[in-house]
Amino acid sequence: MPSAAPPHLRHLRKPRRPAAALLDEISSGAWEPLSAEEILGRAVEHFHPRLALSCSFGNPEGLVLLHLLTRIEAAARVYTIDTGRLPQETYDLMDRVRDRYGIEIEVLLPEAAPVEAMVRRHGMNLFYESLEKRKLCCRLRKVEPSRRYLAGLDAYITGLRREQGVTRSATPKALLEDDGRLVKLNPLADWSHDQVMRFVRENAVPVNRLNQRGYPSVGCAPCTRAVRPGDDPRSGRWWWEQATTRECGLHSGEENEGSGI
Ligand code: SF4
């Protein structure tokens, strides 16, 4: 079942499909020259409230976007996926953000039955045993909840940047997914790490405390570790795998789910 808009947003606008001309404009690359603020402004104008920001609360990029987006639309929707394996620092940040910005965060949970079956069969730490088992865990705990939620949206926003590693070097600022039905926006695609951190400092944006302890990207606790200065920021995620496989399926398209963490 697709997730419905939260009660406080249901009165805003009836669901409607995006106009074909708008989707053509987006798929043609016309949004590529736009700034992050311009993309967010257009996104709100065309898609809110069937628009949401995907924020893992593990990377500064999602918080930069949350800051920018809530300045444009105070009732902007923000969602995150609680895999059940997140570090306490990530939960702490979610509550700090709720207080600072006065927003509700839509927290998605995995379906209990498939996760129970997975751990019964393969154990709690199956992800270390093979790529196949790691992807199974990511699929049940992240990709499936995301897919169900995105079925109820017309557009979503992520903090992907091209600099973040080999799997993200060709990230466009706007594209269509799910057979052209769903708009994915990556407004920070061309931002550098320094730009992100300058914005965080200048605007006192709250970030995950682990980011200051050598974790540029915080995911699930058992699958994330600190990296050395200068290393690929994604190298602390699933560090036992090859660099080319270090995606959970949310952004790689391999799960064909539309693609956020
Ligand atoms: S990051 Fe690790 S614990 Fe989290 S869903 Fe993927 S495999 Fe499972």
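Overview of the structure. Note that this is a predicted model, so its numbers are computed, not measured. (Residues numbered from 1 in each chain as written. Predicted model: local features only at pLDDT ≥ 70, side-chain atom pairs only at ≥ 80, totals over all residues.)

## So, the pairing of strand 6 (residues 182–185)
Going by this rule: Here exposure depends only on C-beta density: within 10 Å of a residue's C-beta, 20 or more other C-beta atoms make it buried, 12 or fewer make it exposed, and intermediate numbers make it partly exposed, the C-beta atoms being placed from the backbone. Secondary structure elements are taken from DSSP: a helix is a run of H or I of four residues or more, a strand is a run of E of two residues or more, and numbering for both begins at the N terminus. When DSSP finds at least two bridges between two strands, those strands are taken to pair.
In strand 6, alternate side chains face the same way, and those of Leu-182 and Lys-184 on one face and Val-183 and Leu-185 on the other are all buried. Bridge count between strand 4 (residues 155–157) and strand 6: three bridges; the pairing is parallel. The residue of strand 6 that forms the bridge with Ile-157 is Leu-185. The sheet contact formed by strand 5 (residues 174–177) and strand 6 spans four bridges and is antiparallel. Each bridged residue has a counterpart across the sheet, and for Leu-176 the counterpart in strand 6 is Val-183. Counting the residues between successive antiparallel strands, the hairpin from strand 5 to strand 6 contains four residues, one of them, Asp-178, with a positive phi of roughly 55 degrees.

## Describing the packing of helix 3 (residues 60–72) against helix 7 (residues 193–203)
Here is the rule we go by: Structural elements are reduced to axes, namely lines fitted to C-alpha atoms, with helices fitted over the stretch in contact, and the angle between N-to-C directions of any two is expressed from 0 to 180 degrees. Note on terminology: angles under 35 degrees are roughly parallel, angles over 145 are roughly antiparallel, angles of 65 to 115 are roughly perpendicular, and the others are oblique. Two helices that cross are described as forming a left-handed crossing if the nearer one is turned anticlockwise from the farther one by less than a right angle, and a right-handed crossing if clockwise. Contacts are defined on C-beta atoms placed from the backbone: any two residues whose C-beta positions lie within 7 Å are in contact. Three residue categories are used. Nonpolar comprises Ala, Val, Leu, Ile, Met, Phe, Trp, Tyr, Cys and Pro, charged comprises Asp, Glu, Lys and Arg, and polar comprises the others, including Gly.
At a closest axis distance of 10 Å, the pairing of helix 3 and helix 7 adopts a crossing angle of 55 degrees. As summarised for this structure, helix 3 and helix 7 are arranged oblique, according to the angle between their axes. For the element pair helix 3 and helix 7, the recorded crossing hand is left-handed. Contacts between helix 3 and helix 7 involve Pro-60, Glu-61, Val-64 and His-67 on the former and, on the latter, Val-196, Met-197, Phe-199, Val-200 and Asn-203. Here the residues of the contact of helix 3 with helix 7 sort into six nonpolar, two polar and one charged.

## Concerning the nonpolar core
To keep things clear, this is the line we draw: To count as a nonpolar core, a set of buried Ala, Val, Leu, Ile, Met, Phe, Trp, Tyr and Cys residues must be joined through C-beta atoms within 7 Å.
Core analysis: the biggest nonpolar cluster contains 38 residues, and Ala-43, Leu-53, Leu-65, Leu-66 and Ala-155 have the highest contact counts within it. Ranked by residues supplied to this core, first place goes to helix 3 with six residues. Excluding residues that lie within four positions of it along the chain, Ala-155 makes contacts with Ala-43, Phe-47, Arg-50, Leu-51, Leu-182, Val-183 and Leu-185. Core analysis: the next-biggest nonpolar cluster, separate from the first, contains ten residues, Cys-138, Val-143, Cys-223 and Leu-250 among them.

## Description of the sheet that holds strand 4
Ordered in space as 3-2-1-4-6-5, the six strands form an open sheet in which the pairing is mixed. Either end of the sheet is taken by a strand with one partner, and the two such strands are strand 3 (105–108) and strand 5. For this sheet, the mean angle separating the axes of adjacent strands, direction not counted, is 30 degrees. Most of the contacts of helix 1 (residues 20–27) go to strand 5, to which it runs at about 120 degrees, and overall it touches strand 5 and strand 6.

## So, the site of the ligand
Note the cut-off: Placing the C-beta atom from the backbone, one calls a residue near a molecule or strand if that atom lies within 6 Å of it.
If you check the shell around the ligand, you find 13 residues, and the closest are Phe-127, Cys-137, Cys-138, Cys-220 and Cys-223. Its residues assigned to classes, the shell around the ligand comprises seven nonpolar, two polar and four charged.

## Looking at the packing of helix 5 (residues 112–122) against helix 6 (residues 131–150)
One can describe the packing of helix 5 onto helix 6 by two numbers: an axis separation of 10 Å at closest approach and a directional angle of 160 degrees. If you check the angle between helix 5 and helix 6, you find them roughly antiparallel. In the crossing of helix 5 with helix 6, the sense of the turn from one axis to the other is left-handed. The segment helix 5 lies against helix 6, with Pro-114, Val-115, Met-118 and His-122 engaging Lys-133, Leu-136, Cys-137, Leu-140 and Arg-141. Residue composition of the contact of helix 5 with helix 6, by class: six nonpolar, one polar and two charged.

## Let's talk about helix 3
Inclusion rule: To estimate how far a helix should extend, the number of its residues minus one is multiplied by 1.5 Å.
Taking 1.5 Å as the rise per residue, helix 3 with 13 residues should run 18 Å; its terminal C-alpha atoms sit 19 Å apart, in good agreement. Regarding helix 3, the residues found buried are Pro-60, Glu-61, Gly-62, Leu-63, Val-64, Leu-65, Leu-66, Leu-68 and Leu-69. On its buried side, helix 3 packs onto helix 2 (36–47), strand 1 (51–54), strand 2 (77–81), helix 4 (88–101), strand 4 and helix 7.

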